[in-house]
Every structure is written in C-alpha cells, then in structure tokens.
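Observations on the model geometry
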Amino acid sequence: MNDYDEIPIRDKILELGEGQLFGILCTQSNEQPYGSMIGFALSSDLKNAVFATPKATRKYQNLINCHNVALVVNNREKHPSDLMKIQAFTATGKAEEIFNYDLQSSWAKLLINKQSYLGAFLESPTTALFRIKITRYFYVCSFQEVREWKPE
Amino acid sequence: MIKPEEIVIPLTETDRCLEKNAGGKGASLSRLIAHGFKVPAGYCLSTRAYRYFIETNEIDSAINIELGRKPLEKMRWEELWDSALRIRSMFLKSGMPDIIAEAVKRQHSIMEEFSSFAVRSSAPGEDSAGLSFAGLHESITDVSGIVELIDAIRIVWSSLWSDAALLYRKEMNLDPGRSAMAVIIQGFQKGGPSGVGFSRDPRDAQLDQSIIEAVPGSNDELVDGIIEPDRWIISRRTKSIIDFNKGNRPDPDDSGSLLNTNEIMHLYNEILAIESKMSWPADVEWTGKGAKLTILQARPITSGEPGNKEDQRNWYLTLRPKLQNLKRLAARVNDELIPRLKNEGERQSQVDTEKLNDRELGELIRQRLSTLEKWRKIYYDEFIPLAHGVRQLGIYYNNEVKPENPYEFMSLLEDQEMIASKRNQLISSMADLTAGNEELYEVLRASLQGSISDDNFDRANLKNELMIIPGGTDFYNSLDKLINEFSHVSFKGENLSDNPKIYIHVILELADSAKAEKQNQLSVTESDSDTITPENKLFEAVGKDRYEEASGIIELGRLSWKLRDDDNILIGRLESQLLDVLNMAGKKLVAAGKLNQYEKLSDTTAPILAEALLNPPDEIIELPREEPKDLSELKSKAGKPRQLVGQPAGPGVASGTARIVRNIKDLKGFKFGEVLICDAIQPTMTHIVPLASGIVERRGGMLIHGAIIARELNIPCVNGVADAVDLISNGELVTVDGFLGIVTVGEPELDLEKRAGGSD
C-alpha cells in the first residue's frame, strides 16, 4: 500500500521536518551553488524554516548576495537496503536575516525549542539568525517519486 | 519517563543492587550487607536516575558538543579542565527533576536518625580489577539538609566528567559517552579512627602479608595524604603483626598507636573475611574500632594502586590537590622558592662574564645549566601544582554561586601586580610619550634605519640623540628600565634583551595606533558600578559563617595566579643568562677555529660547548641540528584550511592578516592590526600582543597565558586550534571569532569555480 493514500503529504513533510535535526542548506553566489549542513526548525504551519550561522562564513556571504535558497532534509541511513524507505524533501524559498533578536523572540525560540544546545551559539553577536519563507516543498519517497506541495 | 521504583535502590536489596544499576561500589556494599558485615545504612540513586537527569536537562547533547570539539587524545589537560568546568557548571545549574527530588526527600525522612550523610560516587566499572577510578570521582561527606544533599548529588554526578576522570578514560580508552553514575547515600558516621586495609600488599601481591593504615579522624585526610597514618604489616601465614610504623602527626595527645593489638586483629580478620566472601583480594575503607567497626567500602585491589607504574591515575589525582596541601605549597612557593629564584637571577647577573677564561666559562656553563635544570624540576613539581589554586577557586565559586558564566570567578583575579602587566604598562606609557612628541617619534623611527631585521642596534648613539631632545631623557630611562628589568628572558634560543629594536618597533606601532585612535575614538565600556561584584556574590552565597573560608580560597587563587605568571618570567631569566654564556662560548670557539658558524644556540648545546671549553678538542665540534618540519606533507594531508575550530578564549571578532610567530625573528616584523598565530604566547612575546587585532593559539585553555592577556586587552582570541601555526600561512586573511571559537581563513570567494569553467 502506498503511504500517500493514507497520510496527507503535509503530515509527512511535518513529521520528517520535526524528526530530523539537520538538513543541507543550498545557497549560491556568482552562479556557483554551495551546500552547508545546518541545524533547523520548521514552523508548525510549514511556511517557515529557521536556522543560524556564524557570520564569518561563506554560507553567510552567499545569503547576503542571494536570498534564494533550498533546504534538503532526508532520513537516510547507511544501508543500501534503506533506499526505498528514504523520505526527503527539498524546500525552496527566500532567506531573510532576523536582526536584533534575543532568545525570547519567536524565531529564536522556535529554533531553540528544537535544538536546545544552540542557546550559547545564538547569543553570540557573531551569529546571524535567518528564516526561510518557504514557497513550496518537493517531497520524495520510493527513491524517485516526487510530489510538490505548497504551504498555505 | 522514569518510574519511582527505578530511582532508589536500598542497599539491602542485593538482587537489585547490580553493578549496572548501582555501580561497582553500590554492588559491593550491598553484597557486604548480605554477608553480614556492618555497613552504614543507606540507599543507592540508580544509574537510571542519572540518565533521566541528564536527558531531562539535555546535558547529554551539551556534553557531546563539549567533548566532540576535537578528539579527546588531542586535548591537553588544560582544555579538558575547561571542558570539565563547563560540564560541571551545567550539572550545577540544571534543575533536579521533581520525581527524583521527591524520592530523595522520602528516603531522607526514612533515615531521620542521621544528622548528616555521605554522598559517594559509584560508576559501573569504576572499581574492577583492571581499573580504579578511586579518588577520580567525587565523594562528599558530612552533608546535612535536603537542599545541600541534592546539590551534593549533582556535584557527584558531574564528577563523572571531572578533568582527572576524563584523562583516565582517555588513557584507558573508555568511551565517555557510555558512562553513567550511580550515587550511594549513607548515614555519615563521624569520629574515628578510620583507615584503609589491604588483604594483600598492593605493592607486591606475592608477599604473603596484609597492610592496615589508620588516622585519628575521617578517611578523607588519609586518602588525600594530609595526615600520616599509623601502619601495620601483618603476616598472613602466622597471623601476627610483623611491623608497625607510628605516623608522624603534630597532635601532642596522640602518643600511642590508634588501635591496640586486639582491635587490629579484629579488623584484620574482617578484611580476610571480606576477601573470602567476595572472592577477590580486598582494598577496604573502614571506620570505628572494636564493636563499632564499620566497613565504608570494599573493592578489588587493582593494578592501578600506588606502586604500580602502569597507569597514570595517581598523577591525575594530583590535579585535584586538597586545600590544605595547596596552602602549604603556596606558602613555600611565595616565601621561599620565588625569593630564591629571584636571588639566583640577580646573582647570575652580577657575574662579570667578560673576564672569564675558557676553563672558567666552561665551568660557568655547567653550573648555569644545572641550576636551570634544578629550577625546571621545581617548576613541574611545585609551581604547576600551585596553579590549581585558581582552579580550586573556580570550582568553589561555581559550587556556591552557580553563575551563568562558569568563568565569572576570573574577575576575582584581576588587578594583580604581575611582572608582565608592569612591563606592558611601561611600554604603553612609552608609546603615549612617543605619540605626543613628534621629535621623539622621528628619532626613534630613524634609529630603526629602515630595517628592523638588522641586529646591530646602536644603543649608545640612540642615547646621545635622545638626550638632546625634550622628553628624550625620560624615554631613554624608561627604555633602560625595560631592557634591564624586563628583558632578560629568552624565546626559542634568543634573548629579548639582545633585540631592543623589537621594543622600539612595538612602541612606534602603538604610537601610530594611538594617533589613529584619537581621531576615531573607540567607545570604551564603562563598568557598571551598580553591579554586584563576584566577591560579594560569593560572600552572600556562603553566608557569614564561611567568610573566612571563602576569603582564604580567594587569596590562594590570587596568589597562585600571580605566581604562575611571575615564575615563568623568572625562569625565563635563568634561561636567558645561560644563553648569554653559551653565545660567549660560541664566539670564542668560532674564533679558535673549533666551531663552524652557527645559526643559534640552545641549552641542549650547553654540555657540548662546556666540554669543548674545558677540554679543547682536536677537531671542529658538531652541534646537533634541528631539522625543519616538513609542512608540505601536513598541508597536503590536511587540505587547505577554510574554517578551523578551537575554543573561544577571548570574546570579540577581528579580521586581519595572519602573522605566524615561531621565533624571536618573527616578532620583529609584527605590524599593528595583524592576527597573531602562534603555538602559545610566551611571557617573552606579551609585549607585541597589544599590536594584534586577534590571536590564534594551538595551546588551548581559558586560563593559559595567552587567553588571559587577550581578555585583559580585549583582543578576540581562539585557542586550542590544532596545527594553527602550520596550516595557516603568513599574509592570509584570517577572521577570529572569539565568541564562537571559529577561525575563518581566506575570503569567502568562489572565484576558483568560476575560473575552472570560465573559458566556455
């Protein structure tokens, strides 16, 4: 039986996004794509993802140069036999830096509630907090089956 | 979720007091009770409770981050100490889950006949025949009151991650991530005598004898080596005392032995009975005598006991010296050793070495080398252990105040009159003088003659020029003081006093920056006078009754802090004085055709040079050559560094050009605003630190010299960056993020990819 028939795609995305701590953030600069691993959290309406980065990084520089990003999240493990069980999504959207936040502000709280160890990291003045306004998700299962979903 | 019955296990329930739940100590105590031995009543807080505590407070992921920063084997113990301090602080700040606190309170009311408790560590695998964590984890005795009891539990749990325990795990190749700790809480029996007993001689199990030791009070003082015990050796074959040694203790009332023959034999029989019931040669802690004899703990005699050189546990134990020992050490270092070391430096500087003949010079080299070696040994044996006074203060402060920032105690150490700060103040006043005096500035600039790598510095000429300009005399007097009082130190085989140009260079760079600063005044953070000082916070936390204790610990911390810096400089002076005579010997031998021109002399060449002067050789002598490190292999293996991770050791962020400092020559070209990349900031280098916009060091730790200076001068600093000196190259753009402990190398560009596909 196919999962799709039973569970709405929205719930599958939410479950995957909540279950995974890390994802790959795809940025670009001067036509060169770049990928970075990040710790993230999704808002419950799935319209936003939030993450933080040190400012002295290529990732930050790219985000300043170009707001268009993609976030790839998956639940793969090491075994080839997992291939057909892997679920993944690519969320695309625009990243926007949140200025003047503190740990009590809603975006910071969203991230810390999921990734509590990031408290000290977020408090550093050299850390930048970003939210991605997500336009749509590309959800993948059974290795090659892809469906698109827009958070509304 | 955890069930209440999983939290507490009474020691009487032997079938539940298994090692995995109750730890080694708990399991042994429970078995002793089952065999009918008298053991203080108590219970065990299970390993499951520990896990629940760390999971609820998410301490496990924080520990992973703390210890995952770099491989354990690459961490120096200073770094491990820092990690241990931060982990300990997490435990102290974390709330005790209600379900555990309630269970402890319930037991507390059941055991109401006891006015105080002993809270002991009991980790699974802690006391097996191959391992001994004895003393590495914490135990706290005489704890009264439920709040204090819960605090003590947190402290004992956190000691699973103490620096000494981490080092031992590292050595024994144990995965810290898999460790857990149970806690034994027993009624505390005051009084004595107390002691230890070994059913077989731990120094040599083949000897058919047992050993018993006793002290008048509690066992802590015996274990910590504060009090010398009475010691009996008993033949296992004849069951008779074959040797007795009375401990040398200051108490005048303590004239006889602490146990009479009957009491000793009763104790001996108990120890043998334990060996027989437990089926291992036993190491027993006991208290009371005769009918009151109580067994506090029993474990197998391990290969880690004193006398066995296979592991370093005993050395790790010295990392946690007790307050009394530290006080004794501080008095000795402050009143005796430092004055002696200072005198030695003075005495050596009085010797007129110019007039010595070859033989006398050879003798002098030998003498100076042997004096230096003697002081280096004292340095390792006594000065380094004294540095723990600061750590003791840190732990005491954090236990009592539980501050948000585990390094808050460091501000208790500020405003110390250290030699290095005095020197830096002098340099800074000379730079101010220069910035405000154009004529002086020009004379100094000219004295560098364009190239500061030229060693032929004409001090006499500079003096003449300075004497005739306004402010010049004052400046020269300060320079004289700087060279004579503060510069007899060596760095990698070169004397700072032979390189006064470095000072002029630093002063000019600082003067330039002072001029620039006037135009663009930086905002200075004013300290808020309303804030409660850490000193008052500590006094408030300990309460009036313990003011004296707290003052004593602050005083000890400050003293050890100050001495730790001064001793480095004073020993550096002896190194510099040895180097002086080595250079003199080198010149003589070259002139006599017995030595080829050389680059530099280090103290390893001292015996060869002395021998050549005392017994002139027929042929030219060879000096050992230091092979330069092959960096290309390291660089090709490691790849080009883009972002290196270390420890945040001085807050702030700075970008600048990397300047690698490996030796004294590298200091000479150091420019204002460059990022100092070095192995470790030596006392000899501190005068260039004010020029640096950021600091990156291989050696890690919040309390090491470089980190302290960086914070004093508000310079962003990241330390503990492995291979920083070798991986980063001179001239690269480096960003030092002293908040996060990250060093970014190079611009964040992607030009390479563009060029790779650029032709089509």
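Notes on the overall build of chain A
If you tally the helices and strands in chain A, you get five helices and seven strands. Secondary structure elements of chain A occur, N-terminal to C-terminal, as α-α-β-β-β-α-β-β-α-α-β-β. Its C-alpha radius of gyration of 16 Å places chain A within 12% of the 15 Å reference for a compact globule of 152 residues. Along the first, second and third principal axes, the C-alpha set of chain A runs to 50 × 35 × 35 Å. By residue count, 32% of the 152 residues in chain A fall in the buried class. Contacts in chain A between residues at least 24 apart in sequence constitute 66% of all its contacts with a sequence separation of at least 6.

Observations regarding the overall build of chain B
When helices and strands are counted, chain B shows 27 helices and 21 strands. Here chain B, with 760 residues, has 42% of them falling under the buried criterion. Long-range contacts, defined here as pairs at least 24 residues apart, represent 71% of the contacts in chain B between residues at least 6 apart.

Focus on the interface of chain A and chain B
Residue-level contacts link 16 residues of chain A with 16 residues of chain B. Elements with a minimum of two residues in the side of chain A that touches chain B: β2 (32-42) and α3 (58-65) of chain A. Per-class residue counts for the side of chain A that touches chain B are six nonpolar, nine polar and one charged.

Focus: the pairing of strand β16 (residues 653-661) of chain B
Residue and element names in this part refer to chain B. Alignment of β16 against strand β20 (residues 733-737), held across five bridges, turns out to be antiparallel. Residue pairing across strands places Thr657 opposite Leu733, the latter belonging to β20. Of the pairings in the sheet, the one linking β16 to strand β17 (residues 675-678) comprises four bridges and is parallel in character. Across the sheet, Ile660 pairs through a bridge with Ile677, a residue of β17.

A closer look at the sheet that holds β17(B)
Residue and element names in this part refer to chain B. One open sheet holds the eight strands; their spatial order is β14-β21-β20-β16-β17-β18-β19-β15, and the pairing between them is mixed. Pairing within the sheet leaves two strands with one partner each, and these edge strands are β14 (643-645) and β15 (647-650). Adjacent strand axes in the sheet meet at a mean angle of 30° when their direction is disregarded. Across three bridges, the pairing between strand β18 (residues 694-697) and strand β19 (residues 717-719) is parallel. Note that in β19 the partner of Ile695 across the bridge is Cys717.

Examining unusual backbone geometry
Unlike most non-glycine residues, A:Asn100 shows phi in positive territory, near 50°. For B:Glu58, which is not a glycine, the phi torsion comes out positive at approximately 55°. Looking at the element boundaries, B:Glu58 is found in the loop between α3 (47-56) and α4 (59-68). Taking the number of C-beta atoms within 10 Å as the measure of exposure, B:Glu58 has 15 and is therefore partly exposed.

So, the domain arrangement of chain B
Domain boundaries in chain B define domain 1 (4-187), domain 2 (194-317), domain 3 (323-378 + 406-520 + 556-623) and domain 4 (631-751). Inter-centroid distance (C-alpha atoms) of domain 3 of chain B to domain 4 of chain B is 24 Å.

Let's talk about the nonpolar core
Residue and element names in this part refer to chain B. Judged by nonpolar contacts, the single largest core of 108 residues is most densely connected at Ile365, Ile507, Leu609 and Ile677. Sort the elements by how many residues they give to this core and helix α21 (residues 547-591) lands first, with 16 residues. Of the domains in this structure, domain 3 (323-378 + 406-520 + 556-623) and domain 4 (631-751) are the two that each give at least three residues to this core. In this view, Ile365 contacts Val581, Leu582, Ala585, Ala606, Leu609 and Ala610; residues no more than four positions away in its chain are not counted. Core analysis: the second largest hydrophobic core is formed by 77 residues, Ala22, Leu29, Val119 and Ile301 among them.

Quick notes on the packing of α21(B) against helix α22 (residues 606-614) of chain B
Residues and elements named next belong to chain B. α22 packs onto α21 with a crossing angle of 50° between their chain directions and a minimal axis gap of 10 Å. Considered as vectors, α21 and α22 are oriented oblique to each other. Along this stretch, α21 crosses α22, giving a crossing that reads as left-handed. Contacts between α21 and α22 involve Leu578, Leu582, Ala585, Gly586 and Leu589 from the first element and Ala606, Leu609, Ala612 and Leu613 from the second. Partitioned by chemical class, the residues of the contact of α21 with α22 number eight nonpolar, one polar and no charged.

Observations concerning the pairing of strand β5 (residues 88-98) of chain A
All names here are of chain A. Sheet topology places strand β4 (residues 68-74) next to β5; seven bridges connect them, and they run antiparallel. Paired with Val73 across the bridge in β5 is Phe89. Relative to strand β6 (residues 127-141), β5 runs antiparallel, the two sharing 11 bridges. Across the sheet, residue Ala91 finds its bridge partner in β6, namely Tyr137.

Re the environment of B:Arg48
Residues and elements named next belong to chain B. In this structure, Arg48 sits in helix α3. Residue classification places Arg48 among the partly exposed residues on the basis of 17 C-beta atoms within 10 Å. In contact with Arg48, not counting residues within four places along its chain, are Ile2, Glu6 and Asn21.

Notes on the environment of A:Lys47
Residues and elements named next belong to chain A. By the element assignment, Lys47 lies in the loop between β2 and β3 (48-54). When the C-alpha atoms of Lys47 and Ile132 are compared, they prove to be 8.2 Å apart, with 85 residues separating the residues in sequence. Ignoring sequence-local partners within four residues, the contact set of Lys47 consists of Lys133, Ile134 and Pro151.

So, the environment of B:Leu167
When you line up the elements, B:Leu167 lands in helix α8 (residues 163-172). Here the alpha-carbon distance between B:Leu167 and B:Trp77, two residues 90 residues apart in the chain, equals 7.4 Å.

Side note on the sheet that holds strand β11 (residues 294-300) of chain B
All names here are of chain B. As summarised here, the arrangement of the six strands in space is β9-β8-β7-β6-β10-β11, forming an open sheet in which the pairing is antiparallel. A single partner strand is all that each edge strand has here, and the edge strands are β9 (240-245) and β11. This sheet shows a mean twist of 20° between the axes of neighbouring strands, independent of strand direction. Pairing analysis gives five bridges linking strand β8 (residues 230-235) to β9, with the strands arranged antiparallel.

Things to note about the confidence of the model for chain A
Looking at chain A as a whole, its pLDDT mean stands at 90, while 96% of the residues score no less than 70. Within chain A, helix α1 (residues 3-6) of chain A has the poorest average pLDDT of any element, 56, and β4(A) the best, 97.

Thoughts on the packing of helix α12 (residues 323-350) of chain B against helix α13 (residues 358-386) of chain B
Helix-helix packing: each pair is described by the crossing angle between the helix axes and the interaxial distance. All names here are of chain B. With their axes 11 Å apart at the nearest point, α12 and α13 run at an angle of 155° to one another. Here α12 lies roughly antiparallel to α13, going by the angle between them. Where α12 crosses over α13, the two elements pack in a sense that is left-handed. Each of Leu326, Leu329, Ala330, Val333, Leu337, Leu341, Glu344 and Gln348 in α12 lies in contact with α13, whose residues at this interface are Arg368, Thr371, Trp375, Ile378, Glu382, Phe383, Pro385 and Leu386. Grouping the constituent residues of the contact of α12 with α13 by class yields 11 nonpolar, two polar and three charged.

Considering the confidence of the model for chain B
Residue and element names in this part refer to chain B. Considering every residue of chain B, the mean pLDDT works out to 83; 86% of them sit at 70 or more. Confidence drops under pLDDT 50 across residues 304-310; counting only partners more than four residues distant or on other chains, this segment forms 12 contacts. Confidence drops under a pLDDT of 50 for residues 519-529, and excluding neighbours within four residues, the segment shows one contact in the predicted structure. Among the prediction metrics, the complex's ipTM stands at 0.79, with pTM recorded as 0.75.

Rules behind the numbers
Throughout this description, residue numbers start from 1 for each chain and increase along the sequence as written. As a convention, the first chain written is A and the first ligand written is 1, with the rest following in written order. At least 70 in pLDDT is required for a residue's local features to be given in this predicted model, at least 80 for side-chain atom pairs to be given and counted, and no such filter applies to totals for whole chains, interfaces and linings, which use all residues. Numbering goes from the N terminus for both helices and strands, where a helix is a DSSP run of H or I of at least four residues and a strand is a run of E of at least two. The reference for a compact globule is 2.2 Å times residues^0.38; the radius of gyration itself is calculated from the C-alpha atoms. Put plainly, a residue is buried at 20 or more neighbouring C-beta atoms within 10 Å of its own, exposed at 12 or fewer, and partly exposed in between, counting only other residues' C-beta atoms, which are placed from the backbone. Once C-beta atoms have been placed from the backbone, residue pairs whose C-beta atoms lie within 7 Å are recorded as contacts. Lys, Arg, Asp and Glu make up the charged group, whereas Ala, Val, Leu, Ile, Met, Phe, Trp, Tyr, Cys and Pro make up the nonpolar group; the residues left over, Gly among them, are polar. Pairing between two strands is assigned when DSSP locates at least 2 bridges connecting them. In this description, a line fitted to the C-alpha atoms serves as the axis of each element, helices being fitted only across the stretch in contact, and the angle between N-to-C directions of two axes falls anywhere from 0 to 180 degrees. The start and end points of each domain follow an automatic or database-based domain assignment. Residues of type Ala, Val, Leu, Ile, Met, Phe, Trp, Tyr and Cys that are buried and joined through C-beta atoms within 7 Å form what is called a nonpolar core. Roughly parallel means an angle under 35 degrees; roughly antiparallel, over 145; roughly perpendicular, 65 to 115; everything else is oblique. Note: crossing handedness is left-handed where the near helix turns anticlockwise from the far helix by less than a right angle, and right-handed where it turns clockwise. Known as pLDDT, the predictor's per-residue confidence is scaled from 0 to 100.

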